[in-house]
Amino acid sequence: MITIDCRDVASIKSELIVYVSDQVAAIPTLKTHEFMLSSLDDDEIIDKNMVITAIKEFLESIGEGRNFAVISMDDIISIKSISGKIIERDPPFSSGMFSCPHCGFVTRYEVEHQNHVKIHYL
């Protein structure tokens, strides 16, 4: 299991989780300021270098690759601001749409969104 510390990129954590877990074929688990990746099969080990590469690719894709460092220490990967800058973003669907942070499912109904998110925790 690998832990990714997202304190400096909290506003893009949901997008980052979806991208990284898709790239490395891992199961994400959300926490307040971090997320964890576990392998789909108990016998497999997640390649830490693939996770770091996926994080860097995502940061580059949003134009923030030069502002953040991806630091690995044992099974913890931290995304740290180089200049002290923290990414601040508005939610992507501020027009009354709700998006699932786990899989990207989108609905305009809050109750439907809440019920959908609960499914991920069963």
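Above this text is the structure in question.
Residues numbered from 1 in each chain as written. Predicted model: local features only at pLDDT ≥ 70, side-chain atom pairs only at ≥ 80, totals over all residues. Heavy atoms only, no water.

Direction vectors running N to C along helix α1 (residues 13-24) and helix α2 (residues 48-61) enclose 135°, while the axes themselves pass 9 Å from each other. What the angle tells us is that α1 and α2 run oblique. Every pair of crossing elements has a handedness; the one defined by α1 and α2 is right-handed. Together, Glu 15, Leu 16, Tyr 19, Val 20, Gln 23 and Val 24 of α1 and Met 50, Val 51, Ala 54, Ile 55, Glu 57 and Phe 58 of α2 make up the contact between the two elements. Residues belonging to the contact of α1 with α2 are distributed by class as follows: 9 nonpolar, 1 polar and 2 charged. (Axes fitted to C-alpha atoms, helices over the stretch in contact; angles between N-to-C directions. Helix = DSSP H or I, 4+ residues; strand = E, 2+ residues; numbered from the N terminus. Parallel < 35°, antiparallel > 145°, perpendicular 65-115°, else oblique. Left-handed = near helix turned anticlockwise from the far one by under 90°. Contact = heavy atoms within 4.5 Å. Nonpolar A, V, L, I, M, F, W, Y, C, P; charged D, E, K, R; others polar.)

On to the environment of His 120. Along the chain, His 120 falls in the segment after α3 (110-119). For His 120, a relative accessible area of 35% translates into the label partly exposed. In sequence terms His 120 and Cys 100 are 20 residues apart; their C-alpha atoms lie 9.7 Å from each other. Setting aside anything within four residues of it in sequence, one finds His 120 in contact with Cys 100, His 102 and Cys 103. Within polar-contact distance, the side chain of His 120 engages the side chain of His 116 at 3.2 Å. (Buried < 20%, exposed > 50% of the residue type's maximum accessible area, 1.4 Å probe, protein only. Polar contact = N/O pair within 3.5 Å; in protein donor to acceptor, adjacent residues only side chain to side chain.)

This brings us to unusual backbone geometry. We note that Ala 25 has phi near 50°; this positive angle belongs to a residue other than glycine. Examined against the element boundaries, Ala 25 turns out to sit in the loop between α1 and β2 (26-30). Given a relative accessible area of 44%, Ala 25 falls into the partly exposed group. Notably, Asp 74 is not glycine yet its phi reads approximately 55°, a positive angle.

Counted by the stated rule, this structure contains 1 aromatic pair. Their ring planes at 40° and their centres at 5.8 Å tell us that Tyr 19 and Phe 58 sit as a pair that is tilted. With Tyr 19 in helix α1 and Phe 58 in helix α2, the pair connects residues that are 39 residues apart, well separated along the chain. Taking the relative accessible area as the measure of exposure, Tyr 19 reaches 26% and is therefore partly exposed. The exposure class assigned to Phe 58 is buried, which follows from its relative accessible area of 7%. (Phe/Tyr/Trp six-rings, centres within 6.5 Å; stacked < 30°, edge-to-face > 60°.)

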